[in-house]
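Structure assessment
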Amino acid sequence: MYNLYMRFNFKEKFNKLLDNIFVNDFKCIVCGKEILRNSRYSMCKDCLAKLPYIKKSCEKCGESIVSGNLCLNCKRELPKITQNFSVFDYSKPINYLITNLKYDNKKYIANYLSNFLVEKFIESNIKVDFVIPVPISENRLKIRGYNQAELLCSAFNEKLNMEVCPNLVSRIVDTISQTSLSRKERLTNLTNTFKVNDKNKIKGKSILIVDDVYTTGATINEIAKVLFKAKAKNVYGLTIAHSVNNVLMEETLKE
Ligand SMILES: [Zn+2]
Ligand SMILES: [Zn+2]
């Protein structure tokens, strides 16, 4: 019988085949200039030098700040998470890369971005037992065919031999699109969205949650909440990008 699951499986296999045929590592993924085949980030020197790296960041949520230790939002209310780290400001060309990864089926981008995550993780000097990618809903997974956060974890497994656990936390309800909601509503809209599937594995452990963008922090902090409830010792977050001054970009709010 032909059902949705089979269709999803076929799409996945077909995409894998395409990924193998069209190897995208001859050209800079930002400007398209020719580069060496084995360039680590698949970017030319010029584009690499211009990336919007976060230099000084909020000690709690990782947002780019000019002075002091905490950003305005964290001064108002500290997030649940032990600490979040982000590599870049959510601005050009990182926002384009993330949009292409999520909505244009360009899965190969995740492999390159994953290297930045691993470097940030090493630089942060934190110790964790395993990595959890932020789960997306079943519906979204069927439509997209992959979870971009899971793909972003690839280098943790391949380069650091760390355990990545994509099924330890699942998203139980399809949250209504966040775009129409205020900041406060957005933060509460996710309550009871996530559940831990194996509490024994969480107890006493330090965990790293990986996602593409930290926007309001609602998603990562909601997961942190359920992990702490399951007695996690520390819950860290790590994302490719962090919204600038908490400006909400519409596309980042969609899963
Ligand atoms: Zn370039
Ligand atoms: Zn902050």
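It should be noted that the structure appears before, not after, this text.
What you see is a predicted model; the values in this text were computed from it and never measured. (Residues numbered from 1 in each chain as written. Chains lettered and ligands numbered in written order. Predicted model: local features only at pLDDT ≥ 70, side-chain atom pairs only at ≥ 80, totals over all residues. Heavy atoms only, no water.)

As for the pattern of salt bridges
- For the structure on display, the rule yields seven salt bridges.
- Linking Glu163 and Lys201 is a salt bridge whose minimum nitrogen-to-oxygen distance equals 2.9 Å. Here the residue Glu163 occupies a position in the loop between helix H8 (154-160) and strand S3 (169-171), and Lys201 occupies one in helix H10 (residues 199-202), the gap between them amounting to 38 residues.
- Relative accessible area serves as the criterion here: at 24%, Lys201 is assigned to the partly exposed category. (Salt bridge = Lys/Arg side-chain N within 4 Å of Asp/Glu carboxyl O. Helix = DSSP H or I, 4+ residues; strand = E, 2+ residues; numbered from the N terminus. Buried < 20%, exposed > 50% of the residue type's maximum accessible area, 1.4 Å probe, protein only.)

Observations regarding the coordination of the zinc ion (ligand 2)
- Around the zinc ion (ligand 2), the donor atoms from the protein are Cys58 (SG), Cys61 (SG), Cys71 (SG) and Cys74 (SG), and they sit 2.3 Å away.
- Seen from the zinc ion (ligand 2), its four donor atoms lie at angles of 104 to 117°, and the figure they make is tetrahedral.
- Mapping the donors of the zinc ion (ligand 2) onto the primary sequence gives the spacing C-x2-C-x9-C-x2-C. Note that Cys61 is positioned in the loop between helix H2 (45-49) and helix H3 (72-76) and Cys74 in helix H3, a separation of 13 residues in sequence. (Donors = N, O, S within 2.8 Å, 3.2 Å for Na, K, Ca; no water. Tetrahedral: all angles 85-135°; square planar, octahedral: opposite > 155°, others 65-115°.)

Focus on the nonpolar core
- If you look at the biggest cluster of nonpolar residues, it comprises 40 residues, and the most contacted ones within it are Phe156, Leu208, Val210 and Ile240.
- Where this core is concerned, the elements lending two or more residues are strand S1 (83-89), helix H4 (94-103), helix H5 (108-124), H8, strand S5 (206-214) and strand S6 (234-242).
- The residues that make up this core include at least three from each of domain 1 (1-50) and domain 2 (53-253).
- Residues in contact with Ile240, not counting those within four places in the same chain, are Ser86, Val87, Phe88, Ile94, Ile98, Leu113, Leu117, Leu152, Asp211 and Asp212.
- Core analysis: the second largest hydrophobic core is formed by 27 residues, Cys61, Val134, Cys165 and Leu168 among them. (Core = buried A, V, L, I, M, F, W, Y, C linked by side-chain atoms within 4.5 Å. Domains from an automatic or database assignment. Contact = heavy atoms within 4.5 Å.)

Regarding the environment of Tyr90
- In this structure, Tyr90 sits in the loop between S1 and H4.
- Of the residues examined, Tyr90 reaches a relative accessible area of 2% and is grouped as buried.
- It is 8.4 Å that separates the C-alpha atoms of Tyr90 and Ile240, two residues lying 150 residues apart in sequence.

As for the coordination of the zinc ion (ligand 1)
- Bound to the zinc ion (ligand 1) are the protein donor atoms Cys28 (SG), Cys31 (SG), Cys44 (SG) and Cys47 (SG), situated 2.3 Å from the metal.
- Classification of the site at the zinc ion (ligand 1) as tetrahedral follows from its four donor atoms and the range of 102 to 118° in their angles at the metal.
- Sequence spacing among the residues donating to the zinc ion (ligand 1) works out to C-x2-C-x12-C-x2-C. Within this pair, whereas Cys31 is found in the loop between helix H1 (4-21) and H2, its partner Cys44 is found in the loop between H1 and H2, the two being separated by 13 residues in sequence.
- Given the relative accessible area of 44%, Cys31 is considered partly exposed.
- For Cys44, a relative accessible area of 5% translates into the label buried.

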